[in-house]
Amino acid sequence: MFRPCFLVIDQEFPGAISTRKLVLETAKYNVLTAYSAREALSLLERFPRVDGIVMNATGHDTDCAELIRQYRAIAPGLRVILTSGKDLVDCGPVDLALDNYDPRKLLDSLAKMFPEANTSIVAHDDELQQEYKGRAENELT
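For clarity, every value in this text was computed on a predicted model and none was experimentally measured.

Reading guide: rules and limits
- Residue positions within a chain follow its written sequence, with the count starting from 1.
- The predicted origin of the model limits local features to residues at a pLDDT of at least 70 and limits the giving and counting of side-chain atom pairs to 80 or more, whereas totals for whole chains, interfaces and linings rest on all residues.
- Derived side-chain values reflect all non-hydrogen atoms in the structure, with water molecules and hydrogen atoms excluded from consideration.
- Axis lines are fitted through C-alpha atoms, for helices just across the contact stretch, and the angle between N-to-C directions can take any value from 0 to 180 degrees.
- Secondary structure is summarised from DSSP: a helix means a run of H or I of at least four residues, a strand means a run of E of at least two, and numbering begins at the N terminus for each.
- When an angle is under 35 degrees it counts as roughly parallel; over 145 it counts as roughly antiparallel; between 65 and 115 it counts as roughly perpendicular; any other value is oblique.
- Take the far helix as your reference; a near helix turned counterclockwise from it by less than a right angle gives a left-handed crossing, and one turned clockwise gives a right-handed crossing.
- For this analysis, residues touch if any pair of their heavy atoms sits within 4.5 Å.
- Classification used: nonpolar for Ala, Val, Leu, Ile, Met, Phe, Trp, Tyr, Cys and Pro, charged for Asp, Glu, Lys and Arg, polar for all others including Gly.
- Relative accessibility under 20% of the residue-type maximum defines a buried residue, over 50% an exposed one, and the middle range a partly exposed one, all with a 1.4 Å probe and only protein chains included.
- Here a polar contact is taken to be a pair of N or O atoms separated by no more than 3.5 Å, where protein atoms must pair a possible hydrogen donor with a possible acceptor and residues adjacent in sequence count only if both atoms sit in side chains.

Visitor: Help me understand the packing of helix α2 (residues 37-46) against helix α3 (residues 64-74), please; the structure alone is not making it clear to me.
Guide: When two helices pack together, their arrangement is given by the angle between the helix axes and by the axis-to-axis distance. Their axes nearest at 9 Å, the elements α2 and α3 cross at an angle of 15°. Classified by the angle between their axes, α2 and α3 sit roughly parallel to one another. For the pair α2 and α3, the sense of crossing is right-handed. Across the interface between the two elements, Ala37, Ala40, Leu41, Leu44 and Glu45 from α2 touch Leu67, Gln70, Tyr71 and Ile74 from α3. Split by residue class, the contact of α2 with α3 holds seven nonpolar, one polar and one charged.

The structure is reproduced here in structure tokens:
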């Protein structure tokens, strides 16, 4: 089964866990996390075959368009999902720009970006649910 792998670039706050990472992992995607643009570059050099990055448009020490250019220089086919506040920030060509961080909108968009993988993940979950249900029924009898 193919599960897309995303690099989430999220600012690090003391005691905070990346919400985007949790949302993607709950949807059964594979996730790497970078807490700075520099760390993201390092991770992409180690794992250039990630399917996409999810990053906020602001909060970096480098212009977001320049960051995306650097990321795509390492991984040319990289899909870029950009999130920002109410005002969209222009970071150059991206595959998806979300004007507000909405977990459902993000997941729906990724499901459309990777339809075969999404279908496979849902089918696998259904199989696991049926298997679990069968085991539970056998234990009760």
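Right, picking up where we left off after that structure.
Visitor: Is there a simple way to think about the side chain of Ser109 in this case?
Guide: Its place among the elements puts Ser109 in helix α4 (residues 103-113). On the accessibility criterion, Ser109 (16% relative accessible area) is buried. Side-chain polar atoms of Ser109 contact the backbone oxygen of Lys105, separated by 2.8 Å. Ignoring sequence-local partners within four residues, the contact set of Ser109 consists of Leu96 and Leu98.

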